[in-house]
There are 2 protein chains.
Amino acid sequence: MKKIITISREYGSGGRLIGKLVAESLGYDFYDKEIIDMAAQESGLSPDFIKKTEQNLSSGFLYNLLLGSSYSGTANGASSINGTQMLPLADQVFNAERKVILDLAKKGNCVIVGRCADYILNTSDEIDSKSLLNVFIYGNLEEKLKRIEDLYKEPEQAAKKTIQQIDKRRANHYNTFTEATWGDRKNYDIMINSSTAGIEETARLISEIAKHQ
Amino acid sequence: MKKIITISREYGSGGRLIGKLVAESLGYDFYDKEIIDMAAQESGLSPDFIKKTEQNLSSGFLYNLLLGSSYSGTANGASSINGTQMLPLADQVFNAERKVILDLAKKGNCVIVGRCADYILNTSDEIDSKSLLNVFIYGNLEEKLKRIEDLYKEPEQAAKKTIQQIDKRRANHYNTFTEATWGDRKNYDIMINSSTAGIEETARLISEIAKHQ
């Protein structure tokens, strides 16, 4: 029985919904954006700031944002405000989310979406790898476009661009904060094309795997 | 019900055996090296030559092999022997294997290992994509090394090199003859790490998917 399931996903693949259905089917807790508020409590940073950090993960953006001229970066990436040493804010956000994810995983019976949870849990000594199932959900372009058009009323050309941008952002975030590559099969126990069987059947399959492995 | 299952696999992942177990469990025919003899019959080339072509897929090797000085390649890749136009031998082998794979798939109820079968069948108008399940099997380095040591008595360092060489050869072959990239998730319906659940459980999972999707 897999007590902790992480879901990484291409934009438009329905990965988030699949994770939600898996959690419902197994009676597990589901964590996606919920992690933002928890990381805010953990770190003292505002939820809004964490959300923006997640959405604009370029270090340039973060350094520039940091209190204007009173900020000075150092060679090892640490920052200082009025002489007080601190980690760059992006690292603070990552560390806070990391701590939240580890705490949730230690309690178990949960599905966690995104936020490098697969890598964080794979590399933690505190997590038994036998209780962990790392899943990557992807899809065919045609089905992803259809899904985005249906859900967000975005026309095809715009949706194509959104897919590229959001997947690039997800890859950048992952590749910046881990020593692995987003979407590289090495990180996952299973990778499933949700276009093949559809959202509900894919969720059913993952629940079955979690129960029997 | 998926009537045609293709298995692509990393060396040492047990993909071949998994395919065999899936075929047994579903009562399907299993094709791996069997395709060599069938392609020989199809093309008039000898099974030995096809085997060598599969194992040494660099065009340099093939061109050099081709009857020494009486061979002359042309700008468009065609060859001529004593003035008779012919396809390069590597293409002849690929085309013969392609025809065999299409014929097998049209009959259905089969598991086919390697030989770009996923791409050949994905891109053929003659195959209903709903009856096709393209699977990629991979594994953790540690488990792959252990498997190769157990099966072939190869010590760890040699096995590491063999994995690299054979996977590189498989990628080269695939990338040469298709317009896709070996191991790229886009080509597959599902990618499974056989180290997570082991050979038999992975085979059971694929059989279940084939039955219920």
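As shown above, the structure is provided for reference.
Everything quoted here is computed from the prediction, not taken from an experiment.

*Asks:* Which parts of the structure should I look at to understand the relation of the copies chain A and chain B?
*Replies:* Two chain copies, one operation linking them: a rotation about an axis together with a shift along it. Between chain A and chain B, which share one sequence, the superposing operator has a rotation angle of 180 degrees and an axial displacement of 0.0 Å; the RMSD is 0.0 Å. Taken together, the rotation and translation describe the operation of a two-fold axis. Residues of chain A ranked by C-alpha distance from the rotation axis are headed by M191(A), positioned 2.5 Å from it. A share of 100% of the interface residues of chain A reappears at the interface of chain B, consistent with the copies meeting face to face through the same patch.

*Asks:* Would you mind showing me how to read the pattern of salt bridges here?
*Replies:* Any two side chains of opposite charge can pair if their charged atoms end up close together. In the structure shown here, the tally under the stated rule is 25 salt bridges over all chains. As a salt-bridge pair, R185(A) and E10(B) come within 2.8 Å of each other at their nearest N and O atoms. With R185(A) in the loop between α8 (156-177) and β8 (190-193) and E10(B) in the loop between β1 (4-9) and α1 (15-26), the pair connects residues from two separate chains. Taken individually, R185(A) and E10(B) each receive the classification buried, so the pair is uniform in this respect. E10(B) is the salt-bridge partner of K144(B), the closest N and O atoms lying 2.7 Å from each other. In this pair, K144(B) sits in helix α7 (residues 141-152) while E10(B) sits in the loop between β1 and α1, placing the two residues 134 residues apart along the sequence. Classification of E10(B) by relative accessible area gives buried; the value is 8%. Salt bridges sharing partners connect three or more residues here, namely R16(A), D32(A), E54(A), E97(A) and R115(A).

*Asks:* Got a minute to help me understand the interface of chain A and chain B in this structure?
*Replies:* Size of an interface, as often reported, equals the accessible area lost when the parts are brought together. The partner chain B presents 22 residues to the 22 residues of chain A that form the contact. Across the interface of chain A and chain B, roughly 1700 Å² is buried in total on both sides, 49% from carbon and sulfur atoms. Taken together, the links from chain A to chain B amount to 2 salt bridges. Taken together, chain A and chain B are joined by 13 residue pairs in polar contact (both at pLDDT 80 or more).

*Asks:* Mind showing me how you'd approach the packing of aromatic side chains here?
*Replies:* Working definition: an aromatic ring pair is given by the centre-to-centre distance plus the angle between the planes. The final tally for this structure, using the stated rule, is 10 aromatic pairs over all chains. For the pair Y119(A) and Y174(A), a centre-to-centre distance of 6.5 Å together with 75 degrees between the ring planes defines the contact as edge-to-face. Of this pair, Y119(A) sits in helix α6 (residues 117-122) while Y174(A) sits in helix α8, and the two are 55 residues apart along the sequence. Residue Y119(A) shares its accessibility class with Y174(A), and that shared class is buried. The interplanar angle of 10 degrees and the centroid separation of 6.4 Å between the aromatic rings of Y11(B) and Y152(B) together place this pair among those described as stacked. Pair noted here: Y11(B) is in the loop between β1 and α1 and Y152(B) is in helix α7, with a separation of 141 residues, a long-range link. Positioned above the aromatic ring of W182(B), the side-chain terminus of R185(A) is 5.7 Å from the ring centre.

*Asks:* How should the side chain of R115(A) be read in this particular structure?
*Replies:* Residues and elements named next belong to chain A. Take R115: it is sitting in the loop between β6 (110-113) and α6. At 3.3 Å, the side chain of R115 forms a polar contact with the backbone oxygen of V113. Apart from the residues lying within four places of it in its own chain, the contact partners of R115 are D32, K33, I35, I36, E54, E97, I101, I120 and H173.

*Asks:* It is not clear to me how the environment of E34(B) should be interpreted in this structure. Could you clarify?
*Replies:* For E34(B), the location among the structural elements is in helix α2 (residues 34-43). As for E34(B) and I112(B), which are separated by 78 residues in sequence, their C-alpha atoms are 9.8 Å apart.

*Asks:* Help me understand helix α1 (residues 15-26) of chain A in this model?
*Replies:* Residue and element names in this part refer to chain A. The end-to-end C-alpha distance of α1, which contains 12 residues, comes to 16 Å, matching closely the 16 Å that a straight helix rising 1.5 Å per residue would cover. All of the buried residues along α1 are G15, I18, G19, V22, A23 and L26. Along the long axis of α1, the arc covered by the buried residues comes to 135 degrees, so they all point the same way. Check the buried side of α1 and you find it contacts β1 (4-9), β2 (29-31), β6, β7 (132-138), α9 (194-197) and α10 (199-212). A positive backbone phi angle near 70 degrees is found at G27, which sits one or two residues after α1.

*Asks:* Which parts of the structure should I look at to understand the sheet that holds β8(A)?
*Replies:* By way of backbone hydrogen bonds, the strands of a sheet pair with one another, either parallel or antiparallel. Sheet architecture is open: 10 strands sit in the order β2(A)-β6(A)-β1(A)-β7(A)-β8(A)-β8(B)-β7(B)-β1(B)-β6(B)-β2(B), paired in mixed fashion. Taken across any chain shown, the strands that pair with only one partner, and hence form the sheet edges, are β2 of chain A together with β2 (29-31) of chain B. When strand polarity is set aside, the average angle formed by the axes of neighbouring strands in this sheet is 20 degrees. In terms of strand pairing, β7(A) meets β8(A) through 4 bridges, oriented parallel. Directly across from F136(A), in β8(A), lies its bridge partner M191(A).

*Asks:* What am I meant to see in the environment of D167(B) here?
*Replies:* Summarising the element assignment, D167(B) is placed in helix α8 (residues 156-177). Along the primary structure D167(B) and W182(B) are separated by 15 residues, whereas in three dimensions their C-alpha atoms are 9.4 Å apart.

What counts, and at which threshold
Residues numbered from 1 in each chain as written. Chains lettered and ligands numbered in written order. Predicted model: local features only at pLDDT ≥ 70, side-chain atom pairs only at ≥ 80, totals over all residues. Heavy atoms only, no water. Least-squares fit on C-alpha atoms with pLDDT ≥ 70 in both. Contact = heavy atoms within 4.5 Å. Salt bridge = Lys/Arg side-chain N within 4 Å of Asp/Glu carboxyl O. Helix = DSSP H or I, 4+ residues; strand = E, 2+ residues; numbered from the N terminus. Buried < 20%, exposed > 50% of the residue type's maximum accessible area, 1.4 Å probe, protein only. Buried area = accessible area lost by both parts, 1.4 Å probe. Polar contact = N/O pair within 3.5 Å; in protein donor to acceptor, adjacent residues only side chain to side chain. Phe/Tyr/Trp six-rings, centres within 6.5 Å; stacked < 30°, edge-to-face > 60°. Lys NZ or Arg CZ within 6 Å of the ring centre and 35° of its normal. Expected span 1.5 Å × (residues − 1). Arc of directions from axis to C-beta. Pairing = 2+ DSSP bridges. Axes fitted to C-alpha atoms, helices over the stretch in contact; angles between N-to-C directions.

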